[in-house]
Amino acid sequence: MGSVGEVTPQQMHFSEPLPLKSGAVLPAYRLVYETYGTLNAQRSNAVLVCHALNASHHVAGTYAGQERSEGWWDNLVGPGKPLDTERFFVIGVNNPGSCFGSTGPTDTHPDTGRAWGADFPVVTVEDWVDAQARLLDALGIERLAAVIGGSLGGMQALSWTLRHPRRVRHCAAIATAPSLSAQNIAFNEVARRAIVTDPDFHGGHFYAHGVLPRRGLRVARMIGHITYLSDDAMEQKFGRELRAAEFGYSTQDIEFQIESYLRYQGDKFSEYFDANTYLLITRALDYFEPAREHGGDLARAFEAARGCGFLVVSFTTDWRFPPARSREIVKALVDNRIAVSYAEVAAPHGHDAFLLDDERYHRVVRAWFDRIET
Amino acid sequence: MTTPHQLDVIAALVPQGARVLDLGCGTGQMLAHLQRTRGCSGYGVEIDDANVHACVRRGIEVIQLNLEEGLALFEDQSFDVVLQLETLQHLRNTERMLQETARVGRIGIVSFPNFAHWPNRLRVVTGRMPVTKALPYEWYDTPNIRVGTFADFEVLARKNGLRVTDSFGLHDGRVVRRWPNLRASVAVFRIERG
């Protein structure tokens, strides 16, 4: 199994405004994307990879001259890997509203001439899917062999089969949910309040003030990170391990290794992630609920997806999107007599398991993709 | 259920083109056979990782579930046939599983090792638990936590208001219709509600 090697992101500009679910429009916009493998002559081997909260179009491969620049799903995507780039033409795209190159809050608002900031329109999972569909139009891809995503990416993958069912043959939804629970929304809200109440946030227009609400972002990331790991994984990795040999009897200094780890994660994150993007993406998560337009009936929502084949994967220790949430998706599919395979992987890592290299997980994904005709 | 003949014997109980749910489907052999020979569709249910993988590889739709948790995923009468082949003996709540089978499927097809097969009876008479081809385990390491007989199942089915529409024994790949409780190592039942 190899790597796709060095890759270069590409850009596509769209002058036709994108109508959004909220009723607003995104006037003109830019999408950044990467592709791996070769599109076949029939254009029938394209697989779209949808990204989660803090990831991007950089799914696989590395950037020239940059150490440790592997894409976020490099263990899954590549030649001979479960999503085999020798068979499939794989596309990773950065969603609008994000902060990795596609049009987002740090870009200039065409009317005001200053950064969009908090004025960037609220985007939803459905809006992202529509933007992705336009990219496929531009690339001349009428129908995807498959769409795949984990977590928030899994929601986009599901949404593809509901919004554009005739444009996608298969869907792999990994470690995801058909909507957020109250607890999920609660965690998002704490993260958002951390950002919004940072004095450097300036109502979302901090760019003009030459500051970044780093404190808020750090805390937001720390909270998020807790939900990505299982209790066991955290216990095993850190336990009650101390930084020093003895207690320092300080309320402010780092005493436990877990504190050190979370602060490190928060610091790192606050260096590269945009605060407005964090607000937008957590809101997109909150709003996702395909059953809503069908009287809360998820099975009715998935009537649209008939004809599409599914793979659903969950991880037993994932308490953010636990197996029960994936089973709701499976049930809605079974109720519609839709082809679905479901694997519930006993991985110890919690929600993060979808990004890790677990043989039981990867071999099912591989076997499922092997079945897909190109 | 591994010999081609045994697959055929069970398959013959399944209507052409039926929607089938195979509980404890293993590597998906039976469902693959039913899809190929009888134009059936449906899903397998399996708990084991390696079996789930094997099903996905051979193109059988499989849902990884622990049957002990019930069949909440499946609506009433949503399948033409629910198969429960060599599965019942591994489940703690046998009776509930049988009820669930009848709830979800129009027809239930159940097979399990028949403890009253004569060599087993002889073995018990000598004071030891049987170890045979159908019951290949020692008493202390058997995964068969529920052992019953052909005759026992008839009683359980009746108790739950289930109609036995066909039943026979299997032994060495042959169908045993005469004295199956004595002469067959495996019991096979087709049941329907009411």
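Residues numbered from 1 in each chain as written. Chains lettered and ligands numbered in written order. Predicted model: local features only at pLDDT ≥ 70, side-chain atom pairs only at ≥ 80, totals over all residues. Heavy atoms only, no water.

Okay, the overall build of chain B next. Looking only at helices and strands, chain B has seven helices and eight strands in total. Against the compact-globule benchmark of 16 Å for 194 residues, chain B has a radius of gyration of 16 Å, which places it among compact chains. Principal-axis analysis of the C-alpha atoms gives chain B an extent of 45 × 35 × 30 Å. The proportion of buried residues among the 194 residues of chain B is 51%. Across chain B, every contact between residues at least 6 apart in sequence was considered, and the portion connecting residues at least 24 apart equals 64%. Of the roughly 8,900 Å² of accessible surface on chain B, a fraction of 52% belongs to carbon and sulfur atoms. One way to put it: in chain B the 23 positive side-chain charges average out to a point 7 Å from where the 21 negative ones average out. (Helix = DSSP H or I, 4+ residues; strand = E, 2+ residues; numbered from the N terminus. Rg over C-alpha atoms; globule rule 2.2 N^0.38 Å. Buried < 20%, exposed > 50% of the residue type's maximum accessible area, 1.4 Å probe, protein only. Contact = heavy atoms within 4.5 Å. Areas by Shrake-Rupley, 256 points an atom, 1.4 Å probe, with all protein chains shown as cover. Lys, Arg positive; Asp, Glu negative; His and termini not counted. Charge placed at Lys NZ, Arg CZ, Asp CG, Glu CD.)

Counting residues at the interface gives 23 residues for chain B and 21 residues for chain A. Between chain B and chain A we count two salt bridges in total. The partner of E61 of chain B in a salt bridge is R371 of chain A, with the nearest N and O atoms 2.8 Å apart. The tally of links between chain B and chain A comes to nine residue pairs in polar contact (both at pLDDT 80 or more). Listed by contribution, the elements that provide at least two residues to the side of chain B that touches chain A are α3 (49–58) and β3 (62–64) of chain B. The dominant element in the side of chain B that touches chain A, judged by the number of residues it contributes, is α3 of chain B, at seven residues. Here the side of chain B that touches chain A is built from residues that sort into 13 nonpolar, four polar and six charged. (Salt bridge = Lys/Arg side-chain N within 4 Å of Asp/Glu carboxyl O. Polar contact = N/O pair within 3.5 Å; in protein donor to acceptor, adjacent residues only side chain to side chain. Nonpolar A, V, L, I, M, F, W, Y, C, P; charged D, E, K, R; others polar.)

Below, the discussion takes up the packing of helix α3 (residues 182–196) of chain A against helix α4 (residues 214–228) of chain A. All names here are of chain A. One can describe the packing of α3 onto α4 by two numbers: an axis separation of 7 Å at closest approach and a directional angle of 165 degrees. As summarised for this structure, α3 and α4 are arranged roughly antiparallel, according to the angle between their axes. In the crossing of α3 with α4, the sense of the turn from one axis to the other is right-handed. Of α4, the residues touching α3 (which contributes F187, V190, A191, A194 and I195) are G216, L217, V219, A220, I223 and T227. Looking at the contact of α3 with α4, its residues break down into nine nonpolar, two polar and no charged. (Axes fitted to C-alpha atoms, helices over the stretch in contact; angles between N-to-C directions. Parallel < 35°, antiparallel > 145°, perpendicular 65-115°, else oblique. Left-handed = near helix turned anticlockwise from the far one by under 90°.)

This brings us to unusual backbone geometry. Residue and element names in this part refer to chain A. With phi around 45 degrees, R68 is a residue other than glycine that occupies positive phi space. Residue classification places R68 among the exposed positions, given a relative accessible area of 79%. The backbone phi angle of R337 is positive, close to 55 degrees, even though this residue is not glycine. If you trace the backbone, R337 turns up in the loop between α9 (323–335) and β12 (340–345).

In this model, chain B carries a mean pLDDT of 94, and residues with pLDDT of at least 70 account for 99%. Predicted complex metrics record ipTM = 0.94 and pTM = 0.96. (pLDDT = per-residue confidence, 0-100.)

Bringing the pattern of salt bridges into the picture now. Evaluated as defined, the whole model comprises 28 salt bridges over all chains. As a salt-bridge pair, R106 of chain B and D80 of chain B come within 3.8 Å of each other at their nearest N and O atoms. Taken together, the residues span a long stretch of sequence, with R106 of chain B in strand β5 (residues 105–113) and D80 of chain B in strand β4 (residues 79–85) at a distance of 26 residues. Accessibility expressed as a relative area gives 25% for D80 of chain B, which makes it partly exposed. A network of salt bridges, in which partner residues are shared, links E189, R192, R283 and D286 of chain A.

What follows covers the pairing of strand β4 (residues 29–36) of chain A. Residues and elements named next belong to chain A. Where burial is concerned, most of β4 is hidden: seven out of the eight residues are buried. Sheet topology places β4 next to strand β8 (residues 89–93); four bridges connect them, and they run antiparallel. Bridge pairing in β8 places T35 opposite I91. (Pairing = 2+ DSSP bridges.)

Quick look at empty space enclosed by the protein now. Residue and element names in this part refer to chain B. Under the criterion given, the structure shown has two cavities of 30 Å³ or more. The space that makes up the largest cavity amounts to roughly 50 Å³. Together, L67, E68, G70, L91, N93, R96, M97 and E100 line the largest cavity. Classifying every residue of the lining of the largest cavity gives three nonpolar, two polar and three charged. (1 Å grid on protein atoms, 1.4 Å probe; cavity = no way out; pocket = protein on both sides within 12 Å on 5 of 7 lines; lining within 4 Å. Points joined across faces, edges and corners; volume = space filled by probe spheres on them.)

Turning to the packing of aromatic side chains, a few remarks are in order. Residues and elements named next belong to chain A. One pass over the structure, following the stated rule, counts 28 aromatic pairs over all chains. Seen from their ring centres, F100 and Y272 are 6.1 Å apart, and the 40 degrees between their planes marks the pair as tilted. Taken together, the residues F100 in the loop between β8 and α1 (125–139) and Y272 in helix α6 (residues 257–272) connect sequence positions 172 residues apart. An aromatic cluster is built from F100, F269, Y272, F273 and Y278, whose rings are joined through pairwise contacts. (Phe/Tyr/Trp six-rings, centres within 6.5 Å; stacked < 30°, edge-to-face > 60°.)

Our focus in this paragraph is helix α7 (residues 275–287) of chain A. Residues and elements named next belong to chain A. Helix length check: α7 (13 residues) gives 19 Å between terminal C-alpha atoms against 18 Å at 1.5 Å per residue, within 8%. The buried fraction of α7 amounts to 11 of the 13 residues, a majority that puts the element mostly inside the structure. Residues A275, N276, T277, Y278, L279, L280, I281, T282, A284, L285 and D286 constitute the buried set of α7. The inward-facing, buried residues of α7 abut α1, α2 (152–163), α3, α4 and α6. Here α7 starts with a cap whose side-chain oxygen sits 3.1 Å from the backbone nitrogen of N276, and that cap is D274. (Expected span 1.5 Å × (residues − 1).)

Residue and element names in this part refer to chain A. Here T282 lies in helix α7. We classify T282 as buried; its relative accessible area is 0%. Engagement of the side chain of T282 in a polar contact is seen with the side chain of R192, the distance being 3.0 Å. With sequence-adjacent residues up to four places away left out, T282 is seen in contact with L53, N188 and R192.

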